[in-house]
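Okay, here's what each chain looks like letter by letter:
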Amino acid sequence: MSSEYRLTDFLPTTKKELELRGWDYVDVILFSADAYVDHPSFGAAVIGRTLEAAGYRVAIVPQPDWHGDYRDFKKLGRPRLFFGIAPGCMDSMVNKYTAARRLRSEDAYSPDGRHDLRPEYPTIVYTKILKQLYPDVPVILGGIEASLRRVTHYDYWQDCLRPCILVDSGADMITYGMGEKPTLELARRFSEGEGSAIDIPHDIPQTVYLADDITPREDDIVLHSHEECLRDKRAEAENYRHVEEQSNMMHAQRILQPLRSLKSEGRSLTSAISHQPSWVVVNPPYPPMTTAELDASFDLPYTRQPHPKYKGKRIPAYDMIKFSVNIHRGCFGGCAFCTISAHQGKFITCRSKESIIKEVKQVIQMPDFKGYLSDLGGPSANMYGMHGRNLNACERCKRPSCIHPQICPNLDTNHSRLLEVYRAVDALPGIKKSFIGSGVRYDLLLHRSKDEAANRAAQEYTRELITRHVSGRLKVAPEHTSDRVLHFMRKPPFQQFEDFKRQFDRICREEHLNQQIIPYFISSHPGCHEQDMAQLAAITRRLGFKLEQVQDFTPTPMTIATETWYTGYDPYTLEPVFSAKTPKEKEAQRQYFFWYKDNPQNPHNSHSPQKSHSPQKQPHSPQKPHSPHSPHDHHRTDPRSEKPHDEKRGRHRRH
Ligand code: SF4
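To start, this report covers the structure provided alongside it. (Residues numbered from 1 in each chain as written. Predicted model: local features only at pLDDT ≥ 70, side-chain atom pairs only at ≥ 80, totals over all residues. Heavy atoms only, no water.)

## Things to note about the overall build of the protein chain
Along the protein chain, the regular secondary structure elements total 25 helices and 24 strands. Put simply, the protein chain has 655 residues, and 64% of those count as buried. Just so you have it, the protein chain exposes about 24,900 Å², and 50% of that area is on carbon and sulfur atoms. (Helix = DSSP H or I, 4+ residues; strand = E, 2+ residues; numbered from the N terminus. Buried < 20%, exposed > 50% of the residue type's maximum accessible area, 1.4 Å probe, protein only. Areas by Shrake-Rupley, 256 points an atom, 1.4 Å probe, with all protein chains shown as cover.)

In structure tokens form, the structure reads like this:
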């Protein structure tokens, strides 16, 4: 820790730290399954600092011991308003297990990478303990784990559908998506005496609650019940389309999901079930944050350090992001395997240049900073400043992606504002170089619109990116070579990657730079057959790549890829889709990545994939719909969004 920070500069984590502040009570206690890192990329810190700035007394209990006598849950007593659960920057199961369901070697969000400091499903484990100890205190869920389990979803690790996580946990409410606004409003309401664990407010946007009795309004979307989804995979697929569309609309509708069938025994749902809640109610989200609101969140007085209690211990995720700065939220890519769509949505909110510069100056002051920013990015690196030209059209738009299947003609793809930010950062004394570690959308760079100024800016950006912001290896994510599979992934045709690679190589030649492109690929994505992987091996070999950045598709909750994988249907067309599911099928696909390795287990080594496995045209073969849930946000390291991962790349892949 920098010597300039005192213990009281952090949110308190112990009774002693409360006393140091002279507090004899707290308003909100947050239980976090990640280590407490006081940084704007760590969700518990963001919520804690947001509440603190509004005048509330907040404490954080990071990684409480859930065994024994629950002393970590008792040590600060009961809060005046509510308990909050921050289960971590990643889904706990993604954090813990690989796609093959093997235990990972370390937990990136724990000191020294220890993986015995968080339970599976901390949302459920912590809530049950708190409800046992303090049944009358409201428990509010936040974070990716609860956000992406707000309605019926497939859980890959249990290999079954689970209902809204409020049912499994016994908590009172979920704040989904980015939690600052709903959490603040909730605190205000509780503070004014409105609400309790048995009577929580029902009109707060971006929250989810269970209700016994509800009369759907005309403009509500009523999903198939959980019970129906258990019986019928098509119903589950149909539900997902609505959830994704509403998560990406400026003015969304309320979503209702009955837990049991409305036709149950010929009676109405509410009369059929008397003692258990019958409905999940998902209030529509707040409109996207404004620049001023986002600046205010990033300008909170973070120390940017792990709490002093971790002195000397390595927190891998912190090491990755301590010299990086996040410049926007949201992503309009809509990649099928990515959780951003259902969590942050597609509208981009940018920080102002001033706010970004202010944070970069803070980084420059860090004692071990040597002048190199590891990332100046966001969920995707180059969406900063982009939005629809005609906002009225965007207000009515339901598309989950602004760039797939084609770039929307209404989208302003001008990179000038982003270039201004890069240049302002690079001009700061103390910055030797700013790297772009977040994934770059090359389809936006290649796009030629009617706006000549935007086209010129894209070319300028491409050259500047390659000459000034690449650390020798530029990571990009074509994800596959088969256009059919890419369509399922909602990614651009592979030809665009080849076009971008040609530009990259030409600029490197002209500028005498020895740099490489590192492509990312995924195997076993829904729609991908073994023959598609053979084609991938042949094409990447022709292009001279020995692949390192690869991963096997992991179904994580509430992505369209997961829902397709589990149900066997495309949620939009309801056409059957094949997915490789068994460990044998998945391994057979994965092996094609490593055709160049001398591995006796690899049936494809030592010969040309072109000869032995020539690509074949694949029909859309119907799939035996079977079980299942993904961490493939090849997005940046904002732990408030879920990260991609794989064995090679770790869990922090960006795109
Ligand atoms: S109208 Fe176009 S730019 Fe606007 S939100 Fe829809 S897809 Fe995106």
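Next, the rest of the story.
## Side note on unusual backbone geometry
In this structure, the amide linkage connecting histidine 404 to the following residue, proline 405, adopts the cis form with an omega of 5 degrees. Positive phi values are uncommon outside glycine, yet tyrosine 121 reaches one of about 50 degrees. As for its placement among the helices and strands, tyrosine 121 is situated in the loop between α4 (92-96) and α5 (122-133).

## What to know about the sheet that holds strand β3 (residues 58-62)
Where strands meet in a sheet, backbone hydrogen bonds hold them as pairs that are either parallel or antiparallel. Here we have nine strands laid out as an open sheet, ordered β3-β1-β4-β5-β8-β9-β12-β11-β10, and mixed in their pairing. Among the strands making up the open sheet, the edge pair consists of β3 and β10 (221-222). In this structure, strand β4 (residues 82-86) lies alongside strand β5 (residues 139-141), joined through three bridges in parallel fashion. Within β5, the residue paired with glycine 84 across the bridge is isoleucine 140. (Pairing = 2+ DSSP bridges.)

## Observations concerning the environment of aspartate 27
Assignment of secondary structure puts aspartate 27 in the loop between α1 (15-20) and β1 (28-32). If sequence neighbours within four positions are ignored, aspartate 27 has contacts with Gly55, Tyr56, Arg57, Pro79, Arg80, Leu81 and Phe82. Side-chain polar atoms of aspartate 27 contact the backbone nitrogen of arginine 57, separated by 2.7 Å. (Contact = heavy atoms within 4.5 Å. Polar contact = N/O pair within 3.5 Å; in protein donor to acceptor, adjacent residues only side chain to side chain.)

## Focus on the pairing of β1
Counting buried positions along β1 gives five out of five residues, so the element sits mostly inside the fold. Side-chain alternation along β1 places Val28, Leu30 and Ser32 on one buried face and Ile29 and Phe31 on a second face that is also buried. Judged from the five bridges that link them, β1 and β4 form a sheet pairing that is parallel. Its bridge partner being in β4, valine 28 is matched across the sheet by phenylalanine 82. Where β1 and β3 come together, five bridges link them in parallel fashion.

## Some thoughts on the packing of helix α17 (residues 416-426) against helix α19 (residues 452-468)
Where α17 contacts α19, the axes come no closer than 9 Å and their chain directions differ by 35 degrees. Taken as a pair, α17 and α19 cross one another with a handedness that is left-handed. Side by side, α17 and α19 meet where Ser416, Leu418, Leu419, Tyr422 and Arg423 of the first sit next to Ala457, Glu460, Tyr461 and Glu464 of the second. (Axes fitted to C-alpha atoms, helices over the stretch in contact; angles between N-to-C directions. Left-handed = near helix turned anticlockwise from the far one by under 90°.)

## Things to note about the packing of α19 against helix α21 (residues 494-510)
A pair of packed helices can be characterised by two numbers: the angle between their axes and the separation between those axes. In contact at an axis separation of 10 Å, α19 and α21 are set at 60 degrees when each is read in the N-to-C sense. Taken together, the axes of α19 and α21 are oblique relative to one another. As α19 packs across α21, the resulting crossing turns out to be right-handed. Across from Thr462, Arg463, Ile466 and Thr467 in α19, the residues of α21 making contact are Phe500, Gln503, Phe504, Arg506, Ile507, Cys508 and Glu510. Grouping the constituent residues of the contact of α19 with α21 by class yields five nonpolar, three polar and three charged. (Parallel < 35°, antiparallel > 145°, perpendicular 65-115°, else oblique. Nonpolar A, V, L, I, M, F, W, Y, C, P; charged D, E, K, R; others polar.)

## Re helix α23 (residues 560-567)
Counting buried positions along α23 yields eight of eight residues, so the element is predominantly enclosed. All of the buried residues in α23 are Ile560, Ala561, Thr562, Glu563, Thr564, Trp565, Tyr566 and Thr567. Those residues of α23 that are buried are in contact with β6 (153-155), β7 (160-162), α10 (233-247) and α24 (583-590). Once α23 finishes, glycine 568 follows within two positions and takes phi at roughly 85 degrees, a positive value.

## Brief notes about the layout of surface pockets
One water molecule sets the probe size; rolling that probe over the atoms shows where empty space is left. For the largest pocket, the calculated volume is near 540 Å³. If you trace the largest pocket, you find 29 residues lining it, with Met250, Phe347, His387, Gly388 and Leu391 closest to the centre. Contributions of two or more residues to the lining of the largest pocket are made by β16 (349-350), β19 (387-388) and α16 (391-396). A per-element tally of the lining of the largest pocket places α16 first, with four residues. Of the residues in the lining of the largest pocket, the class split is 16 nonpolar, nine polar and four charged. (1 Å grid on protein atoms, 1.4 Å probe; cavity = no way out; pocket = protein on both sides within 12 Å on 5 of 7 lines; lining within 4 Å. Points joined across faces, edges and corners; volume = space filled by probe spheres on them.)

## Some thoughts on the side chain of serine 524
Mapped onto the elements, serine 524 comes out in the loop between β23 (516-523) and α22 (530-542). A polar contact of 3.3 Å, which involves the side chain of serine 524, links it to the side chain of aspartate 552. If near-sequence neighbours (up to four positions away) are discounted, serine 524 is found in contact with Asp552, Phe553, Trp565, Ala580, Lys586 and Gln589.

## What to know about the site of the ligand
In the vicinity of the ligand, the contacting residues are Lys346, Phe347, Gly388, Cys394, Cys397, Arg399, Cys402, Cys408 and Asn410. With respect to the pocket detection grid, the ligand is positioned in the largest pocket. When the residues that make up the shell around the ligand are grouped by side-chain class, the tally is five nonpolar, two polar and two charged. (Near = heavy atom within 4 Å. Sits in = over half its atoms within 2 Å of the grid points.)

## Details of the packing of aromatic side chains
What the rule picks out here adds up to 21 aromatic pairs. Measuring from ring centre to ring centre gives 4.8 Å for tyrosine 154 and tyrosine 566, while their planes differ by 15 degrees; the resulting arrangement is stacked. With tyrosine 154 in strand β6 and tyrosine 566 in helix α23, the pair connects residues that are 412 residues apart, well separated along the chain. We note that tyrosine 154, like tyrosine 566, is buried. Three or more aromatic residues joined by ring pairs make a cluster, and in this case those are Phe31, Tyr70, Phe73, Phe83, Tyr126 and Tyr134. Sitting above the plane of the tyrosine 156 ring, arginine 101 keeps its charged end 3.9 Å from the centroid. Just above the ring of tryptophan 565 sits the side chain of lysine 581; from NZ or CZ to the centre is 4.9 Å. (Phe/Tyr/Trp six-rings, centres within 6.5 Å; stacked < 30°, edge-to-face > 60°. Lys NZ or Arg CZ within 6 Å of the ring centre and 35° of its normal.)

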